[in-house]
Amino acid sequence: MELLRTMDAIFRPRSVALIGASGTPGKLGHDVLYNLIHAGFEGPIYPINPKAEELLGLKVYKDIGSTPEPADLAVVLIPARMVPAAIQQCGEAGVKAAIVVTGGFSEAGEEGEKLQEEMARIARQYGIRIIGPNCRGVNSPYARLCASWPLLTNRGGMAFVAQSGTVGAALMDWASEDNLGVSVFVSLGNRADVDESDCIRYFNEDPNTKVIALYMEGVKRPDAFLDVLSKVTKPVVILKAGRTAWGRKAAESHTKSMAGSDAIYDAIFRKYKVHRADTLEELYDFAKALAYMKKPPGKRLLTISSSGGIAILAIDQAENLGFKVPVPSASLQERLRSFLSDHCGVSNPVDLTGDAITDPSLYARVMKEARSEFDAMVLLFGDPIHGASDMVTPGESELVIFCGGADVEREETALMHQKGVPAFPTPERGIKALYQFFRFDETEEGPAETAPHAATTPLRLMSPVDAVALLKEYGIPAVEALSASSADDAVGRANELGLPVVLKVDSPDVSHKSDAGGVQLNLTSDDAVRRGYEEIFSSVAAHVPGAAIDGVTVSPMARPGGTEVIVGVISDPQYGSSLMFGLGGIFTEIYKDVRFCLLPAGEEEFLRMMKDIKGYPLLAGVRGQKPKDRKALIALMKALSRLVSDHPEIDQIDLNPVLVYDQGVSVVDYRFYTK
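If you're wondering where the values come from, they're calculated on a predicted model, not measured in any experiment.

Caption draft 1: How the structure looks around the nonpolar core. Ranked by internal contacts, the top residues of the largest apolar core, which has 51 residues, are Phe11, Val138, Leu145, Val186, Phe203 and Phe225. Non-local contacts of valine 138, meaning those with residues more than four positions away in its chain, are made with Ile10, Phe11, Ile99, Ile131, Leu145, Cys146, Ala147, Ser148, Val184, Phe185 and Val186. Core analysis: the next-biggest nonpolar cluster, separate from the first, contains 47 residues, Phe160, Ala277, Met293 and Phe437 among them.

Here it is in structure tokens:
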């Protein structure tokens, strides 16, 4: 509460003095005075200038000690060398806070740093809270205070805190153009006193602030920063600059604070559920969504659009971020069809086509029918649709995207914002903003399926025996696979190959054998082979009911010491076959560290693809390990390219894992799908 009391003099002052007021238009002393007056500040304004009697209709005072009563807030616009003395006079006069706009302090070198230290020491002596120096000031619309520039008075729910005045002003401009406004804008500058931690704590208690958005180059007090993040209850959005080595150097020069390691900030933001923005647009978009929208109850989205193109972009982005875009039920489609034209689509998206231009009420009618099946509506206005603002509802789970509407778009968007419904200019920006409500939810498990590994496409899974024969025909080293249709048969095959062996289920309906319990490793005796055979049958039957099981394959255990990679082929109806490469084994789908190249391809392309994965150092040799046999791996890729060229009936190939040794490679598991 003490912090709130001291900072009220900055953001809710009862009176303001401007030290360095000027009558010359174009000078900050004039422009800030003009803004103080025309923002509608209701308390007394005291211009301070020893050489003037009156400025902009206000009586001028020779010094801060001459005002009728002590000002709560002093705005300081005089040369840096004069500022410490001015702060001394403010302290003697009983001023509670100061905004020092003037530059020339710690950002300007050693002499400036000494000036800043002296100013801060004097301020502490008198208990004066300081914003700045070297800042763009404060704009607090609810207090009718604009001790900054330009003059913006729109009130809203977003608090913008910036270590760069220009960045903060850009955010203010966008909020003003959008007719949304802000609860406050504060430019922190060099942070001689008030810093980002103070502001987060203060605006967390501000009734007019719904979300706190910061542009930040570094943190002045790390312990205080972590403490306030652990206690803040409102959403916090941060754009952290200085992510690269050169960016950090620039930030350190700009703010005189260490910008810090980006990986550390990532960890901090994840821990304390800070919405990290990567761009200035994201900082604004995320803040806008969190301030003016409510969290939908779930991730099922229905897209309603007048344009098929932007609907596709929205759905692509939605699925990339984990949203669900299910097809409406048959009964809902029937209800939609009852009032939509035959040429309108009633799937997901619901495509209203040009009919929405002449009858925008179609949006509202679709939403009314669909709310029971979907968690949120994505309303895409892709044309100049008059009356679009009448179709949106404050407080409902609606994401509004308006693009391609020219002047009508600007008019209708402004009306939406007046209603408190934010609109976004592109599908990608809108969907990313909506995602912020789910950003910190627990990772969801994949959708439950009764038979998760049963074949769901018309493709045919080639038998392992045929697959290994084909691989060997093209000189691709693969472990042997011998068929066995009974436990005794498996024992015989195991003795033929030599123990230890691996058993794998042989079924056209089970592709991911390990997940279904269809693999038994390192079987070292006849009894172990028999038990393994029986366990495979019972496990697969339980995991994939109804799967056809032809028996098992028996293979020798792979030689240890190899690095697991995946090499695959997929077929595209337009572009033909592409080869995939990445880290393999059970981690393929978790890390998704894979790259693709179109076939046919040469050695250089294969090598480039190999080097592009994040896990490439494992192949190149790290921490004293020997490099793996990349030449053998490239030879495998070349052979696989020839194989698929010669066999157009093959639609997909999955070699996973392929073990890459210091010398040579070995394909341990293989799946071929034919058309």
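Caption draft 2: Layout of the environment of glutamate 535. Of note, glutamate 535 is situated in helix α19 (residues 526–543). On the basis of relative accessibility, which here comes to 40%, the residue glutamate 535 falls in the partly exposed class. With 74 residues separating them in the primary sequence, glutamate 535 and leucine 461 have C-alpha atoms 23 Å apart. Among residues more than four places away in sequence, those in contact with glutamate 535 are Gly517 and Gln520.

Caption draft 3: Structural view of the sheet that holds strand β24 (residues 519–523). Taken together, the four strands give an open sheet; going across it, the order is β22-β25-β23-β24, and neighbouring strands pair in antiparallel fashion. This sheet does not close on itself; its edge strands, each paired only once, are β22 (482–484) and β24. The mean inter-strand angle of the sheet, taken between neighbouring strand axes irrespective of direction, is 25°. With three bridges joining them, strand β23 (residues 501–506) and β24 adopt antiparallel strand pairing. Note on β24: the bridge partner recorded for lysine 504 is valine 519. Each of β22, β23 and β25 (551–556) touches helix α18 (residues 487–497); the most contacted strand, β22, lies at about 155° to it. Docked against the sheet, α19 engages β22, β23, β24 and β25, running at close to 30° with respect to β23.

Caption draft 4: Layout of empty space enclosed by the protein. For the structure on display, the rule yields three cavities of 30 Å³ or more. For the largest cavity, the calculated volume is near 60 Å³. Along its surface, the largest cavity is lined by Tyr292, Met293, Lys294, Thr393, Pro394, Gly395, Glu396, Glu398, Gly420, Val421 and Pro422. A per-class count over the lining of the largest cavity returns five nonpolar, three polar and three charged. For the second largest cavity, the calculated volume is near 50 Å³. Looking at the second largest cavity, the residues that line it are Pro464, Val479, Ala481, Lys504, Lys513, Thr553, Ser555, Val668, Asp669 and Tyr670. A class-by-class count of the residues in the lining of the second largest cavity yields five nonpolar, two polar and three charged.

Criteria and thresholds
- Residues numbered from 1 in each chain as written.
- Predicted model: local features only at pLDDT ≥ 70, side-chain atom pairs only at ≥ 80, totals over all residues.
- Heavy atoms only, no water.
- Core = buried A, V, L, I, M, F, W, Y, C linked by side-chain atoms within 4.5 Å.
- Buried < 20%, exposed > 50% of the residue type's maximum accessible area, 1.4 Å probe, protein only.
- Contact = heavy atoms within 4.5 Å.
- Helix = DSSP H or I, 4+ residues; strand = E, 2+ residues; numbered from the N terminus.
- Pairing = 2+ DSSP bridges.
- Axes fitted to C-alpha atoms, helices over the stretch in contact; angles between N-to-C directions.
- 1 Å grid on protein atoms, 1.4 Å probe; cavity = no way out; pocket = protein on both sides within 12 Å on 5 of 7 lines; lining within 4 Å.
- Points joined across faces, edges and corners; volume = space filled by probe spheres on them.
- Nonpolar A, V, L, I, M, F, W, Y, C, P; charged D, E, K, R; others polar.

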